[in-house]
Amino acid sequence: MSIDTPTENPEAAAVPSPGPVPPKKRVPQGHRRLLTRRDRITLAFMAGVPTVLHVALVWLTALASIALAFTTWDGIGFDSIKWVGLDNFRQLFTDNPQFWPAVQHNVIWFVVLILIPTPMGLFLAVQLDKKIRFSRVYQTAFFLPVVVSLAVTGFVWQLVYNPDTGLINSLIGANRPGHYIDWIGDPHLNLWAVLVAASWRHTGYMMILYLAGLKGVDPSLREASALDGASEWQTFKNVIFPTLRPTNTVVLVVTIIEALRAFDLVFVFNKGAQGTELLSILVTNNIIGESSRIGYGSAIAVVLLVISLAVIIPYLIATFRKERRA
């Protein structure tokens, strides 16, 4: 009797038992395109058009103003442009009776904005930070003048200062013949009248900036000060206000820029005449005025640019240094 013994097949023994097949590893096929051609065209259009407009309307015009400041040009044909060197600046600093009063008015504008509406905006921000009732309503009411156009603000305050039917003259009884107070036409009053309107708007701007700064203050600082027995004023003076140093820097720069670029209110009031001269008004009157002295107006614009850069550049340097340290 023979017994059949299974023949050993090494190849068959090497075949694994059937089971779940492991997933195959995907071989990288190179960089996968995440954006289609249409997406790239759309992004290029969305980024390219604002960039071109910014360069054309800001940088090219600024460089053109700097170049034209050393020339004389009446704006009629490029052949009439003549190089005069520093004559425009020499005439501006020595022979223009409106230049130094305009500089003085810009300085007064800054001093008033930093002394009146800035503390008022800080006061309103501190009160609104206490989470009083109807806080949102108050924020909207105080910030509304900032949203409204400066030209519209100027027209509104013109109605307030109207000698015949204005609110102020009606309240103080100065709207009768022989008792008129011309808030806009009097060179001793019109600058201060415009500054009241500017301060009314600037207060809301400062309130929002300081309110944002107060929201970033660590609540534990207030709690620690309260545990030490400090009063509300002592807490604000010794704890809260020092932490608002970055906000104070921003407020200072913004106020300087607002004082230098002041134009709309004054132009709507009386076109910058009779005691309300500003550097921005002189630039406009010389470039698009009847005389059309584009080179001379560009020289005034360059002076305004240099003053602005003297403030902005140190602020940017300090900001970049702080970011690098962080």
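This is a predicted model, so every value here is computed, not measured.

Lay out the overall build of the protein chain with the relevant residues and their values.
In terms of regular secondary structure, the protein chain is built from 15 helices and two strands. Within the protein chain, the fraction of its 326 residues that count as buried is 32%. By sequence separation, contacts in the protein chain at least 24 residues apart represent 65% of the contacts at least 6 residues apart. Split by element, the accessible area of the protein chain, about 22,100 Å² in all, is 66% carbon and sulfur.

Account for the confidence of the model for the protein chain, with residues named and values stated.
For the protein chain, per-residue confidence averages 84 on the pLDDT scale, and residues scoring 70 or more make up 89% of the total. In the predicted structure, residues 1-8 sits below a pLDDT of 50 and forms zero contacts with residues beyond four places in sequence or in another chain. A low-confidence stretch, residues 10-14 stays under pLDDT 50, and its non-local contacts, those more than four residues away or across chains, total zero contacts.

Account for unusual backbone geometry, with residues named and values stated.
Of note in this structure, Lys 271 is not a glycine but carries a positive phi near 60°. Note on placement: Lys 271 falls in the loop between α13 (264-270) and α14 (279-287). Phi angles above zero are rare outside glycine, and Gln 274 is one such case at about 55°. Mapped onto the elements of the fold, Gln 274 is located in the loop between α13 and α14.

Provide a residue-level description of the packing of aromatic side chains, including the pertinent values.
The description of an aromatic ring pair uses the distance of the two centres, along with the angle that the planes make with each other. Applying the stated criterion across every chain, the model contains 13 aromatic pairs. Between Trp 157 and Tyr 161 the ring centres are 5.5 Å apart and the planes differ by 35°, which places this aromatic pair in the tilted class. Both rings, one in Trp 157 and one in Trp 200, keep their centres 5.7 Å apart while their planes meet at 70°; by these two values the pair is edge-to-face. Linking Trp 157 in helix α7 (residues 150-160) with Trp 200 in helix α9 (residues 190-215), this pair joins segments that are 43 residues apart in sequence. Trp 200 gets classed as partly exposed once you look at its relative accessible area, which sits at 41%. Three or more aromatic residues link up through ring pairs in this structure, and these residues are Trp 157, Tyr 161, Trp 183, Trp 200 and Phe 269.

Residue-level account of the environment of Gln 127, with values.
With respect to the helices, strands and loops of the structure, Gln 127 is situated in helix α5 (residues 117-128). Placed 84 residues apart in sequence, Gln 127 and Leu 211 show a C-alpha to C-alpha distance of 9.4 Å.

Any details on the pattern of salt bridges? Residues and values, ideally.
The final tally for this structure, using the stated rule, is six salt bridges. A salt bridge links Arg 90 to Asp 87; its shortest N-O distance comes to 2.5 Å. Taken together, the positions of Arg 90 and Asp 87, both in helix α3 (residues 87-94) and three residues apart, correspond to about one turn of that helix. Residue classification places Arg 90 among the partly exposed positions, given a relative accessible area of 48%. Three or more residues are tied together by salt bridges with common partners; here these are Asp 129, Lys 215 and Arg 222.

Give a description of helix α15 (residues 294-325) that names residues and reports values.
Between its terminal C-alpha atoms α15 stretches 45 Å, which fits the 46 Å expected from 32 residues at 1.5 Å a residue. At Leu 309, α15 is bent by approximately 25°, the largest bend along its length. Where α15 is buried, its residues meet α2 (37-68), β1 (71-72), α3, α4 (99-115), α12 (245-260) and α14.

Mind laying out the packing of helix α11 (residues 232-243) against α12, listing which residues take part and the relevant values?
Contact pair α11 / α12: the axes reach a minimum separation of 5 Å and the direction vectors enclose 60°. Relative to α12, the element α11 lies oblique. Contacts between α11 and α12 involve Phe 241, Pro 242 and Thr 243 from the former and Arg 245, Pro 246 and Asn 248 from the latter. Here the residues of the contact of α11 with α12 sort into three nonpolar, two polar and one charged.

Before we move on, could you go through the nonpolar core and cite the residues and values that matter?
Ranked by size, the top nonpolar core spans 22 residues in total, and within it Trp 109 and Tyr 161 carry the most contacts. Mapped onto this core, the elements with two or more residues apiece are α4, α7, α9 and α13. In contact with Trp 109, not counting residues within four places along its chain, are Leu 191, Val 194, Leu 195, Ala 198, Glu 258, Ala 259, Ala 262, Val 266 and Leu 278. Core analysis: the next-biggest nonpolar cluster, separate from the first, contains 17 residues, Phe 99, Tyr 296, Ala 299 and Val 302 among them.

Analysis parameters
- Residues numbered from 1 in each chain as written.
- Predicted model: local features only at pLDDT ≥ 70, side-chain atom pairs only at ≥ 80, totals over all residues.
- Heavy atoms only, no water.
- Helix = DSSP H or I, 4+ residues; strand = E, 2+ residues; numbered from the N terminus.
- Buried < 20%, exposed > 50% of the residue type's maximum accessible area, 1.4 Å probe, protein only.
- Contact = heavy atoms within 4.5 Å.
- Areas by Shrake-Rupley, 256 points an atom, 1.4 Å probe, with all protein chains shown as cover.
- pLDDT = per-residue confidence, 0-100.
- Phe/Tyr/Trp six-rings, centres within 6.5 Å; stacked < 30°, edge-to-face > 60°.
- Salt bridge = Lys/Arg side-chain N within 4 Å of Asp/Glu carboxyl O.
- Expected span 1.5 Å × (residues − 1).
- Bend = angle between axes of the 7 residues up to and from the residue.
- Axes fitted to C-alpha atoms, helices over the stretch in contact; angles between N-to-C directions.
- Parallel < 35°, antiparallel > 145°, perpendicular 65-115°, else oblique.
- Nonpolar A, V, L, I, M, F, W, Y, C, P; charged D, E, K, R; others polar.
- Core = buried A, V, L, I, M, F, W, Y, C linked by side-chain atoms within 4.5 Å.

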